[in-house]
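# Examining the three-dimensional arrangement
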Amino acid sequence: MTHHRKATTLPQAPCRNLGGATRAPARATCRGFTLLELVIVIAILGVLATVGFQFFGQGIHAARIATSSQNLRQLASANMLYASDHGVYAPADDRRGLRRWHGSRRSTGQAFDISGGFLAPYLGENGEVGRCPLLAHVSKSSSTFEEGTGGYGYNSQYIGGMPGGAFDRATGLRISRTVLNIDHPSRTVMFATTAYARRDGIQEYPFAEPPYWDFGDGPSGRRPSPTVHFRANGKALIAWADGSVSAEPMSPRSPGTNPHGGDADEHNLGWFGPDEENGYWNPRRMNP
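What you see is a predicted model, and the numbers here were worked out from it, not measured in a lab.

Turning our eyes to something else, we now look at the overall build of the chain. Within the chain one finds 1 helix and 10 strands. Each helix and strand of the chain, placed in order from N terminus to C terminus, yields the pattern α-β-β-β-β-β-β-β-β-β-β. In the chain, which comprises 288 residues, the share counted as buried stands at 42%. Summing over all exposed atoms, the chain offers an accessible surface of approximately 16100 Å²; the carbon and sulfur share of this is 55%.

As structure tokens, then:
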């Protein structure tokens, strides 16, 4: 009997013959990308990279805002603890300007020692004010007369002090407010992201100045150079007297005179909220 063996299909030879020349298999062709296809692929990769970098940058900025907001919450909490222990909020400074809420120094020509600030015992083991990571990416002035604030300023006219700037005769400390003096804690500024405009950039500044100077008889109508810094996507971060933190947009208005030649508009410095009775700075205003 004759047996017929079933034909076996052998794998096709590669596209290279013994002489080294490339040849196409019987049922397939070997070809690379065309120039048009390469251009399309490169364009798509470029778009994806651009979108990826944008999302990456947005994520970093959002993380910086979150860190700065947490620093402000810590400052507000420290000030509340200070008030619990002393019966008043931390003084903004002393009569000679040698000790402030954020640090102390032996003379006006020296740098501040952060461990000597009024709030230092309430800010953790090192007593340091957390630095705002948003401020590190803003153009800094080559000269400065303030450091150690972390990039934050205190409501010195209405919480860390009182209109008219009275000082305690015995201690030399600025007379500050009690908790009971704050009629509207959730609408009263305690701390804010701050800076001060110089001719060649900005510097740290320890006080969040209100829309108008108040010398004891109510808002004077004279504006200080603004110090609230709108560096969080065009908004300022605010710690309120109830401990909450929010991001507030700038309310356009003309800035006051800057004796150091700085441009407040150029550096996103200004105010937010109403002007009447110094707005959110004044804890006893009639129309909250």
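Having put the structure on the table, let's press on.
What follows concerns unusual backbone geometry. One non-glycine residue, E277, adopts positive backbone phi at about 55°. Mapped onto the secondary structure, E277 falls in the segment after β10 (269–270). Look at N278: it is not a glycine, yet its phi comes out positive at around 70°. By relative accessible area, which is 0% here, N278 ends up buried.

Attention now moves to the pattern of salt bridges. With the rule as written, the count across this model stands at 6 salt bridges. With a shortest N-O distance of 2.9 Å, E204 and R131 are connected by a salt bridge. On the criterion of sequence distance, the pair formed by E204 in the loop between β6 (201–203) and β7 (228–229) and R131 in the loop between β2 (103–104) and β3 (152–154) is long-range, its members being 73 residues apart. Judged by relative accessible area, which is 2%, E204 ranks as buried. With a closest N to O distance of 2.7 Å, R223 and D275 form a salt bridge. With R223 in the loop between β6 and β7 and D275 in the segment after β10, the pair connects residues that are 52 residues apart, well separated along the chain. Both residues of the pair, R223 and D275, belong to the buried class.

For the rest of this paragraph, the subject is the pairing of strand β8 (residues 235–240). Counting buried positions along β8 yields 5 of 6 residues, so the element is predominantly enclosed. Judged from the 3 bridges that link them, strand β4 (residues 189–193) and β8 form a sheet pairing that is antiparallel. The partner of V189 across the bridge, within β8, is W240. Relative to strand β9 (residues 245–249), β8 is paired through 5 bridges, and the arrangement is antiparallel. Residue pairing in the sheet places A239 in a bridge with V245 of β9.

Right, let's get into the nonpolar core. By size, the foremost hydrophobic cluster in this structure holds 38 residues, and its most contacted members are L72, L75, W101, L119, Y154, M190 and F191. The set of elements that each furnish at least two residues to this core consists of α1 (35–86), β3, β4, β5 (196–198) and β8. No other element matches the 7 residues that α1 contributes to this core. In contact with M190, not counting residues within four places along its chain, are A76, N79, Y89, G153, Y154, N155, I159, A239, W240 and A241. Core analysis: the second largest hydrophobic core is formed by 12 residues, Y158, V189, A236 and I238 among them.

Pairing is antiparallel across the open sheet formed by 4 strands, whose spatial order is β3-β4-β8-β9. Looking along the sheet, the strands with just one partner apiece sit at the ends: β3 and β9. The average angle at which neighbouring strand axes cross in this sheet is 30°, direction not considered. Where β3 lies against β4, 3 bridges are found, and the strand directions are antiparallel. The residue of β4 that forms the bridge with G153 is A192.

Moving on: the packing of aromatic side chains. Evaluated as defined, the whole model comprises 11 aromatic pairs. An angle of 90° between the planes, with centres 6.0 Å apart, marks the rings of Y205 and F207 as edge-to-face. Grouping residues by exposure puts Y205 and F207 together as buried. Summarising the aromatic geometry, the rings of F272 and W281 are spaced 5.2 Å apart at their centres and angled 45° between planes, so their arrangement reads as tilted. Per residue, the accessibility class of F272 equals that of W281, and both read buried.

What counts as what
- Residues numbered from 1 in each chain as written.
- Predicted model: local features only at pLDDT ≥ 70, side-chain atom pairs only at ≥ 80, totals over all residues.
- Heavy atoms only, no water.
- Helix = DSSP H or I, 4+ residues; strand = E, 2+ residues; numbered from the N terminus.
- Buried < 20%, exposed > 50% of the residue type's maximum accessible area, 1.4 Å probe, protein only.
- Areas by Shrake-Rupley, 256 points an atom, 1.4 Å probe, with all protein chains shown as cover.
- Salt bridge = Lys/Arg side-chain N within 4 Å of Asp/Glu carboxyl O.
- Pairing = 2+ DSSP bridges.
- Core = buried A, V, L, I, M, F, W, Y, C linked by side-chain atoms within 4.5 Å.
- Contact = heavy atoms within 4.5 Å.
- Axes fitted to C-alpha atoms, helices over the stretch in contact; angles between N-to-C directions.
- Phe/Tyr/Trp six-rings, centres within 6.5 Å; stacked < 30°, edge-to-face > 60°.

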